[in-house]
Amino acid sequence: MRLTRLRGIAALGVLALTMLTACGGGSGSPAANKASTGTKLVVAETVPPQTFDPIQSSQIATMYAWQLVYNGLVKVDGQGKVQPEIATDWTISSDRKTYDFTIRSGAKFSDGSPLTADDVEFSFQRLLKDGLPYAKARFMSLASVAKIDATHVQFKLNTPDAGFLLNLGSPFLIGSGIVSKAWAASHDLKTQVLGAGPFEVVSYAPNSELVLKRNPNYWNPSAAPKYTDLQVKYMPDQAAQVAAVQSGQVDLIFPSAENALQLKNSKTVQVASVPGTNTIRLNINSGRAPFDNPDVRAAISLALDRDAIVKGAFLGQAAPSAQLPGSTPWGLPLGQLANQTRDVAKAKQLLAGAGFPNGISITLTHLAGYGTYLDRFADLVKTQLAEAGINVTIQAEQNAVWLDHQNKANYDILDNVYAFTGDPMSLLSPRPGRQGATPPEVTALMQKAAQDDPSAYGANLQALMQLEDKLTFPDIAVAAPNAMIAYGPNVTSATPDPTLARQFLTAVAVK
């Protein structure tokens, strides 16, 4: 069958980069450290990227950087609608296992070279061969990708997958960013990149700044940013970010809840906030005793006071949330879920029934330096779980060590941030290698949702969310923070993206 053609171009393109390994001149000069008027936007980020390779990281902060690098074939907005990007249209076979995409005529990488079916084929074959398990998991149904001709590519799936297009259009571009085949043959994609969006890179100084300029070869000039230069400064100290936006050294920041309150009455800085789609979670290592017992996992969830966490960790700038937040089309009221409302007595009862009448002692592997809200979150988790007889030791780790613990399943519980990724199934999916075996009933319902008629996808996802809540697997979602930005007088208008994707920066207007 043929999918109805989607017309128009996404208003917010993804930025194209040509990575350099050291800071250069021009926009990277000392004079450029001052936010200028009319041609430049200066943005602060807290955590620098680990890699620019879109198949080699599962960390949101890294995705923020490669969102400013690559285009995808399609793009999914916060309402779950698929929009054309590098692909102008596509057809789907009657068995829903073959997708044929038409590549946009005239699309180019920022060096002026054409983006063709060869590049799309190469990008996805590379994902299937070398992608991180997290990236491959977004496309588990994908069997093969083959060029038909210079402007057509065919994707074949092992089985029907109702979420395939949604994953393909993730604004976080995990596994779906299109790279240049010819360019990749002689460049390291971890530190260098060539993309096809509205910006290209002037320079990158690791852990310091990323400097971009408008791409003259962008395929959609009507959606090109009005300003010519974008500078991203990596500033781990959020207090320093606040001072920088107040002084004009930075134009726009992503404030913590307390910083947003601090700036609320500022005469020069505006704060904008919308309900967010990201979720704060506790990963539970169900491959390690006693967390292999679903009653122990449920006890942890029941011991959490989500309303108190929203007030204490997020200062009210969030909402209690299960895996699919209420700001998405698929979220369920928490009252319809078994283990989302605090019940300390039941938590103690479950622990006793699991053989722990005197409680248990566990370790929380905490991501230090990510955000003050996450620090407060860890402290509140420790306090609240103690009331149910679950004694928590917080093991604070910096980013690289924390990631190593996560990826090797070397933890008891671990705090984490999950991003909106296009397909809501990704917010419900187990992470390969990060916890124990997936319960067969979860596997069966995931398969049903993927293979059932796409019109039933939402209802199937909600049934899966109820089952996973009952089993407290694969993790415990707690809250969905608001998406917030704060910007100074050089910015005349800006609206945050509910998903916290960074493509909205192309639509920011400066004086």
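Residues numbered from 1 in each chain as written. Predicted model: local features only at pLDDT ≥ 70, side-chain atom pairs only at ≥ 80, totals over all residues. Heavy atoms only, no water.

## Some details on the overall build of the protein chain
Put simply, the rule is: What counts as a helix is a DSSP run of H or I of at least four residues, what counts as a strand is a run of E of at least two, and both are numbered from the N terminus. C-alpha atoms define the radius of gyration, and 2.2 Å times the number of residues to the power 0.38 defines the globule rule. Accessible area is worked out with a 1.4 Å probe on protein chains only. A residue is then buried under 20% of its type maximum, exposed over 50%, and partly exposed in between. In what follows, a contact means two residues having at least one pair of non-hydrogen atoms within 4.5 Å. Areas reported here follow the Shrake-Rupley algorithm with a probe of radius 1.4 Å; residue values treat only the protein chains shown as occluding.
The number of helices and strands found in the protein chain is 14 helices and 21 strands. For 511 residues, the compact-globule formula gives about 24 Å, and the C-alpha radius of gyration of the protein chain, at 23 Å, lands near that figure. Dimensions of the protein chain along its principal axes, counting C-alpha atoms only, are 65 × 60 × 35 Å. Expressed as a percentage of its 511 residues, the buried residues of the protein chain come to 59%. Long-range pairs, those at least 24 residues apart, make up 74% of the contacts in the protein chain between residues at least 6 apart in sequence. Total accessible area on the protein chain stands at roughly 18,500 Å², and carbon and sulfur atoms take up 52% of it.

## Quick look at the sheet that holds strand β17 (residues 413-418)
Using the following cut-off: Two strands are said to pair when DSSP picks up at least two bridges between them. Think of each axis as a best-fit line through the C-alpha atoms, taken over the contacting stretch in the case of a helix, with angles from 0 to 180 degrees between the N-to-C directions.
The sheet built from six strands is open, its strands ordered β14-β18-β13-β17-β15-β16 with mixed pairing. Because the sheet does not close on itself, it has two edges, and the strands there are β14 (318-320) and β16 (390-397). Direction aside, the axes of adjacent strands within the sheet are offset by 30 degrees on average. By the bridge criterion, three bridges tie β14 to strand β18 (residues 475-481) in an arrangement that is antiparallel. When the bridges of β18 are listed, A318 appears paired with P481.

## So, the environment of T191
Along the polypeptide, T191 turns up in the loop between α5 (181-184) and β8 (199-205). T191 sits 13 residues away from I178 along the chain, and the two C-alpha atoms are 16 Å apart.

## Brief notes about helix α6 (residues 238-247)
Short version of the rule: When we speak of the arc, we mean the arc of directions from the helix axis to the C-beta atoms. Identification of polar contacts relies on pairs of N or O atoms within 3.5 Å, with a donor-acceptor requirement for protein atoms, meaning one able to donate a hydrogen and the other able to accept it, and with residues adjacent in sequence counted only if both atoms are side-chain atoms.
What α6 keeps buried is the set Q238, Q241, V242, A244 and V245. Across the axial projection of α6, the buried residues extend over an arc of 165 degrees, all falling on one side. Buried-residue contacts for α6 involve β1 (40-45), β11 (252-253), α7 (257-263), α11 (372-386) and β19 (483-487). Near the N-terminus of α6, the side chain that reaches the backbone nitrogen of A239, with its oxygen 2.9 Å away, is that of D237.

## Things to note about the nonpolar core
Note the threshold: In these notes, a set of buried Ala, Val, Leu, Ile, Met, Phe, Trp, Tyr and Cys residues joined through side-chain atoms within 4.5 Å is what counts as a nonpolar core.
By size, the foremost hydrophobic cluster in this structure holds 148 residues, and its most contacted members are L73, F101, F124, F155 and L385. Once residues lying within four places of it in the same chain are set aside, the contact partners of F124 are L73, F139, L142, V145, F155, L168, G175 and S176. The next biggest cluster of nonpolar side chains, apart from the first, holds eleven residues, and it includes V242, V245, I253 and L263.

## Some words on the side chain of D412
The topology assignment puts D412 in the loop between α12 (399-407) and β17. Judged by relative accessible area, D412 falls into the buried class, the value being 14%. Within the structure, D412 has its side chain in polar contact with the backbone nitrogen of T363 (distance 3.0 Å). Beyond its immediate stretch of four places on either side in the chain, D412 contacts N283, I284, N285, R288, F291, I362 and T363.

## Here we look at the sheet that holds strand β6 (residues 142-149)
An order of β4-β5-β7-β6 is seen for the four strands of this open sheet, with the pairing classed as antiparallel. Of all the strands in the sheet, the pair left with one neighbour each is β4 (87-92) and β6. Taking each pair of neighbouring strands and ignoring which way they run, the sheet shows an average axis angle of 20 degrees. The pairing of β6 with strand β7 (residues 152-157) spans six bridges and is classified as antiparallel. Across the sheet, the residue bridging to V145 is F155, located in β7. Where helix α2 (residues 117-130) meets the sheet, its contacts fall on β5 (98-103), β6 and β7, and the angle it forms with β6 comes to roughly 165 degrees.

## Considering the packing of helix α13 (residues 440-451) against helix α14 (residues 457-471)
Using the following cut-off: Throughout, the term roughly parallel applies to angles under 35 degrees, roughly antiparallel to angles over 145, roughly perpendicular to angles from 65 to 115, and oblique to all others. Each residue receives one of three labels: charged for Asp, Glu, Lys and Arg, nonpolar for Ala, Val, Leu, Ile, Met, Phe, Trp, Tyr, Cys and Pro, and polar for the others, Gly being one of them.
Remark: α13 packs on α14, axes separated minimally by 9 Å, with the N-to-C direction vectors making an angle of 170 degrees. By the angle between their directions, the pair α13 and α14 is classed as roughly antiparallel. The residues of α14 that touch α13, namely those facing E441, V442, L445, M446, K448, A449 and A450, are Y457, N460, A463, L464, L467, E468 and L471. Of the residues in the contact of α13 with α14, the class split is ten nonpolar, one polar and three charged.

## Examining the packing of aromatic side chains
Note the threshold: What counts as a ring pair is set by centres within 6.5 Å for rings of Phe, Tyr and Trp (its six-membered ring), and what kind of pair is set by the plane angle: stacked under 30 degrees, edge-to-face over 60, tilted for all other angles. Two conditions define a charge sitting above a ring: the NZ of Lys or the CZ of Arg must be within 6 Å of the ring centre, and it must be within 35 degrees of the ring normal.
In total, this model carries 15 aromatic pairs according to the counting rule given. Plain terms: the ring middles of Y99 and F101 are 6.4 Å apart, the flat faces sit at 15 degrees to each other, and that makes the pair stacked. Of the two residues, Y99 and F101, both sit in the buried class. Three or more aromatic residues link up through ring pairs in this structure, and these residues are W90, Y99, F101, F124, F139, F155 and F164. The ring centre of Y134 lies 4.8 Å from the NZ or CZ of R138, which sits over that ring. Across the ring face of Y64, the terminal group of R502 is positioned such that the distance to the ring centre comes to 3.5 Å.

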